[in-house]
Amino acid sequence: MRTQVAIIGGGPSGLLLSQLLNKSGIETVVLERRTRDYVLSRIRAGVLEWSTVELLRAAGVGDRMDREGIVHDGCYLSTAKGMFHVDFKERVGKQVMIYGQTEVTRDLYDAQEALGATVIHEAEDVALHDVDGDAPFVTYTKDGAEHRIDCDYIAGCDGFHGVSRPTIPESIRTEYERVYPFGWLGILAETPPCADELIYANHPRGFALASMRNPNLTRYYIQVPLTDTVEDWSDDAFWAELKARLPKEVADGMVTGPSIEKSIAPLRSFVSEPMRWGRLFLCGDSAHIVPPTGAKGLNLAASDVHYLFEGLKAFYQAGDASGLDSYSDVALARVWKATRFSWWMTTSMHRFPDQSDFDQRIQESELEYLAGSAVAQAAMAENYVGLPFDDD
Ligand code: RFL
Ligand code: PHB
């Protein structure tokens, strides 16, 4: 088989890139290791930046999002001194959209099917060949048979544990990493949200987040030690701990119920440079991971896809390779800004096991400054709603 762009990974990055390219008449094949149902069962991000909203609309997958998504003007931050609101719309004139990654992925699968795009599930042993030559190809096994796809370019959209990044020789790659000494225990419950917008809570017992998916589906998280397992946390224990970390008035009005999903995610910051090697381009989690505190993971995947799509389109439609040549530098400039913001929000909102009294007071004063300064709130809002794609 031959295609123009072979895409490894059928998560949000791979599907969105494939969707945009197909709509522009550029051929793709997406190779996904898992089944469609498995990909759709992963509960992950919930907040879309406005640029992501607009990119999904441009890709022709905005209709259900515009009908069912919930637009938020801001969010709440809760501290020992009380709760305050950061109004993104007032501070920087932008909003965010609450619409789950699962729904984004489902919409992309449906749109790919409608376009007749090729998405191959349960592709095993995917391997990339001659990536730094002129005739790259990808091999994989499906139902016991070996296959080969020749292509012009390969997009590595296969997440943190994929095969694309390790294909780049170690001598070329530089990896930057911070592992945080805690995880997030998250649950999904069919209950109405406890507030009109998200609440990020800094509490002596640890961080908590009250989020939502729709008027009868909530997503809550609490910071837990990395040694905890899901089995350590009954639903009752989770709700009790969550309520203890949220403001009393919120906890008192909270509707609880059985969890329909429960999982623990470790927190890390990770960036691998460069994001291009030869004819391979990395997109999304294959190149970088952020802790979820700033809701940036999915949105960074979308901005990578935007840059790569524009580069590929200019190349195929006008023979202009400049966007491909600058892809890594342009994408990384935005990635590092989001990495900084996610690190800052994580550091400001969590209890660290080795936090000294001094660290504690600095954290408190950081949040007090944010609570009282319109300028500090504007800086937070600008980053939370998402920096523009073209600010380099
Ligand atoms: P994904 O979503 O990991 O998709 C990669 C796809 O590639 C497939 N794959 C392979 N396919 C073929 N061959 C191979 N060898 C392959 N290896 C892997 C995988 O099966 C998968 O389908 O990466 P992508 O598309 O770059 O999208 C990135 C986002 O998914 C990610 O940034 C966010 O979900 C991060 N993230 C969160 N972000 C937020 O903004 N808010 C959150 O609350 C949030 N929670 C999370 C998260 C990521 C998590 N992970 C990765 C463990 C919670 C978790 C648990
Ligand atoms: C979520 O709804 O899953 C969510 C929202 C905001 C975050 C992280 C996760 O910062």
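The rules behind these values
- Residues numbered from 1 in each chain as written.
- Chains lettered and ligands numbered in written order.
- Predicted model: local features only at pLDDT ≥ 70, side-chain atom pairs only at ≥ 80, totals over all residues.
- Heavy atoms only, no water.
- Phe/Tyr/Trp six-rings, centres within 6.5 Å; stacked < 30°, edge-to-face > 60°.
- Buried < 20%, exposed > 50% of the residue type's maximum accessible area, 1.4 Å probe, protein only.
- Pairing = 2+ DSSP bridges.
- Helix = DSSP H or I, 4+ residues; strand = E, 2+ residues; numbered from the N terminus.
- Near = heavy atom within 4 Å.
- Polar contact = N/O pair within 3.5 Å; in protein donor to acceptor, adjacent residues only side chain to side chain.
- Areas by Shrake-Rupley, 256 points an atom, 1.4 Å probe, with all protein chains shown as cover.
- Nonpolar A, V, L, I, M, F, W, Y, C, P; charged D, E, K, R; others polar.
- Salt bridge = Lys/Arg side-chain N within 4 Å of Asp/Glu carboxyl O.

Trainee: Now, about the packing of aromatic side chains: what can you tell me, with residues and values included?
Mentor: Remark: the centre distance and the inter-plane angle together describe each pair of aromatic rings, the angle taken between the planes. Counted according to the given criterion, the structure contains 18 aromatic pairs. The interplanar angle of 40 degrees and the centroid separation of 6.3 Å between the aromatic rings of tyrosine 200 and phenylalanine 207 together place this pair among those described as tilted. Accessibility classification places tyrosine 200 together with phenylalanine 207 in one group, the buried group. Taken together, the aromatic side chains of Phe88, Trp184, Tyr200, Phe207, Tyr221 and Tyr384 make up a single cluster linked through ring pairs.

Trainee: So, the pairing of strand β17 (residues 259-273): which residues are in play, and what are the values?
Mentor: The pairing of strand β13 (residues 174-189) with β17 spans 13 bridges and is classified as antiparallel. Bridge pairing in β17 places tyrosine 176 opposite valine 271. Note: β17 against strand β20 (residues 288-289), two bridges, orientation antiparallel. The partner of valine 271 across the bridge, within β20, is histidine 288.

Trainee: Kindly report on the site of ligand 1, identifying the contributing residues and their values.
Mentor: Ser13, Glu32, Arg42, Gln101 and Asp285 are the nearest of the 28 residues found near ligand 1. Between ligand 1 and the protein, one listed contact pairs an oxygen atom with a side-chain N or O atom of serine 13 at 2.6 Å. Here glutamate 32 contributes a side-chain N or O atom positioned 2.6 Å from an oxygen atom of ligand 1. Summarising the interface, the protein chains cover 85% of the accessible area of ligand 1, which totals 1000 Å² for the free molecule. Elements with a contribution of two residues or more to the shell around ligand 1: α1 (12-23) and α10 (297-318). Among the residues making up the shell around ligand 1, the classes are represented as twelve nonpolar, eight polar and eight charged.

Trainee: Lay out the sheet that holds strand β2 (residues 28-31) in plain terms, naming residues and giving numbers.
Mentor: Overall, mixed pairing links the six strands, which are arranged β8-β2-β1-β12-β19-β18 in an open sheet. Either end of the sheet is taken by a strand with one partner, and the two such strands are β8 (118-120) and β18 (276-277). Here three bridges tie β2 to β8, and the two strands are oriented parallel to one another. Bridge pairing in β8 places valine 29 opposite threonine 118.

Trainee: An account of the pattern of salt bridges is requested, with residue identities and associated values reported.
Mentor: Going through the model one piece at a time under the given rule, you end up with 25 salt bridges. Where arginine 64 meets glutamate 68, a salt bridge forms, and the shortest distance between an N and an O atom there is 3.1 Å. Taken together, the residues span about one helical turn, with arginine 64 and glutamate 68 both in helix α4 (residues 63-68) at a distance of four residues. By relative accessible area, glutamate 68 is classed as partly exposed at 42%. Note on arginine 64: relative accessible area 19%, which makes it buried. Through salt bridges with shared partners, a single ionic network connects Arg64, Glu68, Glu103, Arg106 and Asp107.

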